[in-house]
Amino acid sequence: MGRVGRHLLGMATIAVVAAGMTLATGGVAFAELGQPAPWEWTLQQSGSPVMDNIVWFHNFLFVLITLITLFVLALLVIVVIRFNAKANPVPSRTTHNTLIEVVWTLVPVLILVGIAVPSFRLLFLQLDIPKADLTVKATGKQWYWSYAYPDNGKFEFDSLMAQDKQPRLLGVDNEMVVPVNKVIRVQVTGADVIHAFALPAFGVKIDAIPGRLNETWFKATKTGMYYGQCSELCGKDHAFMPIAIRVVDDQEFASWVEAAKKKFASGGTSTYASAAGPTQ
Ligand SMILES: [Cu+2]
């Protein structure tokens, strides 16, 4: 193997090592569940079945593209080394090879089908909302979120970024609270301009559009704090309207609901009635 060959082999080794390291998604020791970490370069640790699937699909594609890239690289290297003018002064006049043509048509088709099947399965998992245990309505406003609980007495409250809270730029005064291991249907809309409700650990990202009610869902599998951000440029404070979700056990959720009903009773700012409620 020549100098070029060794160099290319070295690059291929680096690519494989990098692939292996990226596959360690979620295994980053310093990443806390539900929030970004300094110098993070993997997906956030998963906290829901949908995100488990997204992580799996990401790893699957990563292996696939790495193999394809290495294969194409190897072909190029062979061409460069074996078929350059010096090594191969009299070129072959071959124009057709039925077997190779069938193979290079069929194999890519099979690869694409192999990608399409898990891709569509994931898409349906995200879009096909299972029977919900709880509905929460999230309304994006310039520049904060409001959460309404139509199933629990229809209270609604605002959730604003709190300067003094950690993590920086993600902490809020009133977070959305949901029970663990329950299917939460999130209805998302915008009050003024288009926002987007996004929470990486749950694999959720959906536009909040004025005059339209979008739906998504998640099932948090572990208790704790989870953070996301508005993900549609929506004005000057776009970067300062985080989404904070506290996942608690059933008992804690029940007592939170009782307290929230009282705390937010006078709030009555619900100009955006829940979808289930009567319309005027
Ligand atoms: Cu926004």
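Refer to the preceding data block for the structure.
Residues numbered from 1 in each chain as written. Predicted model: local features only at pLDDT ≥ 70, side-chain atom pairs only at ≥ 80, totals over all residues. Heavy atoms only, no water.

1. Points about the coordination of the copper ion
Line of reasoning, step 1. Coordination of the copper ion by the protein involves His195 (ND1), Cys230 (SG), Cys234 (SG) and Met241 (SD), with metal-donor separations of 2.0 to 2.6 Å.
Line of reasoning, step 2. Coordination at the copper ion is tetrahedral: its 4 donor atoms span angles of 94 to 127° at the metal.
Line of reasoning, step 3. Sequence spacing among the residues donating to the copper ion works out to H-x34-C-x3-C-x6-M. Taken together, the residues span a long stretch of sequence, with cysteine 230 in the loop between β9 (224-229) and β10 (242-248) and methionine 241 in the loop between β9 and β10 at a distance of 11 residues. The pair formed by cysteine 230 and methionine 241 is uniform in burial state, with each residue classed as buried. (Donors = N, O, S within 2.8 Å, 3.2 Å for Na, K, Ca; no water. Tetrahedral: all angles 85-135°; square planar, octahedral: opposite > 155°, others 65-115°. Helix = DSSP H or I, 4+ residues; strand = E, 2+ residues; numbered from the N terminus. Buried < 20%, exposed > 50% of the residue type's maximum accessible area, 1.4 Å probe, protein only.)

2. A look at the packing of helix α2 (residues 49-82) against helix α3 (residues 98-127)
Line of reasoning, step 1. The geometry of α2 relative to α3 is characterised by a closest axis approach of 10 Å and an angle of 165° between their N-to-C directions. Taken together, the axes of α2 and α3 lie roughly antiparallel to each other. Considering only the axes of α2 and α3, their crossing is left-handed. Residue-level contacts link Pro49, Val50, Asn53, Ile54, Trp56, Phe57, Phe60, Leu61, Leu64 and Ile68 of α2 to Ile111, Gly114, Ile115, Pro118, Ser119, Leu122, Leu125 and Gln126 of α3.
Line of reasoning, step 2. Residue composition of the contact of α2 with α3, grouped by class: 14 nonpolar, 4 polar and no charged. (Axes fitted to C-alpha atoms, helices over the stretch in contact; angles between N-to-C directions. Parallel < 35°, antiparallel > 145°, perpendicular 65-115°, else oblique. Left-handed = near helix turned anticlockwise from the far one by under 90°. Contact = heavy atoms within 4.5 Å. Nonpolar A, V, L, I, M, F, W, Y, C, P; charged D, E, K, R; others polar.)

3. Considerations on unusual backbone geometry
Line of reasoning, step 1. The omega angle of the peptide bond from glutamine 142 to tryptophan 143 is 0°, so this bond is cis rather than trans.
Line of reasoning, step 2. Turning to its location among the elements, tryptophan 143 is positioned in the loop between β1 (134-141) and β2 (144-149).
Line of reasoning, step 3. Backbone torsion omega between glutamine 166 and proline 167 reads -10°, so that peptide bond is classified as cis.
Line of reasoning, step 4. Within the secondary structure, proline 167 sits in the loop between β3 (155-159) and β4 (176-179).
Line of reasoning, step 5. We note that tryptophan 39 has phi near 60°; this positive angle belongs to a residue other than glycine.
Line of reasoning, step 6. With respect to the helices and strands, the residue tryptophan 39 is situated in the loop between α1 (3-22) and α2.

4. Some remarks on the nonpolar core
Line of reasoning, step 1. Judged by nonpolar contacts, the single largest core of 37 residues is most densely connected at Tyr147, Tyr149, Phe197, Phe202 and Ile245.
Line of reasoning, step 2. Not counting residues within four places of it along the chain, the set of residues in contact with phenylalanine 202 comprises Gly47, Ser48, Val50, Met51, Phe218, Ala220, Tyr226, Ile245 and Val247. (Core = buried A, V, L, I, M, F, W, Y, C linked by side-chain atoms within 4.5 Å.)

5. What to know about the sheet that holds β4
Line of reasoning, step 1. Ordered in space as β4-β10-β9, the 3 strands form an open sheet in which the pairing is mixed. Two strands in the sheet have a free side with no partner beyond their single neighbour: β4 and β9. Neighbouring strand axes in the sheet, compared pairwise and without regard to direction, differ in orientation by 25° on average.
Line of reasoning, step 2. For β9 and β10, the ladder comprises 6 bridges, and the chain directions are antiparallel. Directly across from tyrosine 226, in β10, lies its bridge partner isoleucine 245. (Pairing = 2+ DSSP bridges.)

6. Section: the environment of serine 46
Line of reasoning, step 1. As for its placement among the helices and strands, serine 46 is situated in the loop between α1 and α2.
Line of reasoning, step 2. Dropping the residues within four chain positions of it, serine 46 is found in contact with Leu33, Met51, Asp52, Val55, Ala201 and Lys222.
Line of reasoning, step 3. From its side chain, serine 46 meets the backbone oxygen of serine 48 in a polar contact 3.1 Å long. (Polar contact = N/O pair within 3.5 Å; in protein donor to acceptor, adjacent residues only side chain to side chain.)

Remember that the coordinates give geometry; whether it matters functionally is a separate question.
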